[in-house]
Amino acid sequence: MKPGKVLLTVAATYSAGNRLPGREHFLLELARKFRWTRGAEIGVRTGRTLFHLLQNLPDLHMYAVDKDVSQFDSAPSGAKYRSRLTILEGISWEMASSVPDASLDFYFIDAGHGYKSVTRDILAWTPKIKPGGWLLGHDINFPAVNSAVRDTLGHFEVGSDNVWFHDPAQDYSQLKKI
């Protein structure tokens, strides 16, 4: 199924009152539809999206990546999901080396919002995606995020709550290097 059709299907699920879902609900619907079992959230902050996915997807294992994990690691949810959660504390693009290549069904980038940070995250984390996996991120409405995604990936789609995603059928092996 093409990403545009996925977006329309997911958006139709939330058409009550013409309100589109927040990022955690949007990701949850995609995860259910494509049966994702392994992912990474890069830039976790308080863990709102992370814990929503773990709560609703009992077969999901997540990497939680942040330069400061204290905001979510001390939360009761952190302990509750510890067996399905790998925490990586440090610079987001540097933490990618801790994850095996071609091991993730998706990543969701919501860390540094500067051009170089977003570009480095995309370049570092994309090799971690399985063939047919999904590249997603947040805040495409930020000019630096938009430029970095466009310059690095060339094309993207936009879902609810300013979530960007890239066609999983694309070949990412020749990404532009900065």
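Residues numbered from 1 in each chain as written. Predicted model: local features only at pLDDT ≥ 70, side-chain atom pairs only at ≥ 80, totals over all residues. Heavy atoms only, no water.

**A closer look at the packing of aromatic side chains**
In total, this model carries seven aromatic pairs according to the counting rule given. Between the aromatic rings of Phe34 and Trp36, the centroid separation amounts to 6.5 Å while the plane-to-plane angle is 20°, which identifies the pairing as stacked. The exposure class assigned to Phe34 is partly exposed, which follows from its relative accessible area of 29%. You can call Trp36 buried: its relative accessible area is 5%. For the ring pair Trp134 and Phe165, a centre distance of 5.5 Å and an interplane angle of 40° mean the geometry is tilted. Of this pair, Trp134 sits in strand β5 (residues 129-137) while Phe165 sits in strand β7 (residues 164-166), and the two are 31 residues apart along the sequence. (Phe/Tyr/Trp six-rings, centres within 6.5 Å; stacked < 30°, edge-to-face > 60°. Buried < 20%, exposed > 50% of the residue type's maximum accessible area, 1.4 Å probe, protein only. Helix = DSSP H or I, 4+ residues; strand = E, 2+ residues; numbered from the N terminus.)

**Here's the deal with the nonpolar core**
Leu50, Leu53, Met62, Phe106 and Leu136 are the most contacted members of the largest nonpolar core, which totals 25 residues. Elements that contribute at least two residues to this core include exactly α2 (23-34), α3 (48-56), β2 (61-66), β4 (104-109) and β5. What Leu53 contacts, discounting residues up to four positions off in sequence, is Glu24, Leu27, Leu28, Leu60, Met62 and Phe106. By size, the runner-up hydrophobic cluster in this structure holds 24 residues, among which are Leu88, Ile129, Val145 and Trp164. (Core = buried A, V, L, I, M, F, W, Y, C linked by side-chain atoms within 4.5 Å. Contact = heavy atoms within 4.5 Å.)

**Some thoughts on the layout of surface pockets**
Its boundaries defined by the atoms lining it, the largest pocket holds a volume of some 460 Å³. What lines the largest pocket is a set of 23 residues, and nearest its centre among them are Gly43, Arg45, Asp66, Asp110 and Ala111. Of all elements in the fold, only α3, β2 and α6 (92-95) reach the threshold of two or more residues within the lining of the largest pocket. Residues of the lining of the largest pocket, tallied by class, amount to five nonpolar, 10 polar and eight charged. (1 Å grid on protein atoms, 1.4 Å probe; cavity = no way out; pocket = protein on both sides within 12 Å on 5 of 7 lines; lining within 4 Å. Points joined across faces, edges and corners; volume = space filled by probe spheres on them. Nonpolar A, V, L, I, M, F, W, Y, C, P; charged D, E, K, R; others polar.)

**Overview of empty space enclosed by the protein**
Going through the model one piece at a time under the given rule, you end up with one cavity of 30 Å³ or more. Of the volumes computed, that of the largest cavity is approximately 30 Å³. What lines the largest cavity is Ile109, Asp110, Ala111, Gly112, His113, Val118, His138, Val145 and Trp164. Taken together, the residues that form the lining of the largest cavity break down as five nonpolar, three polar and one charged.

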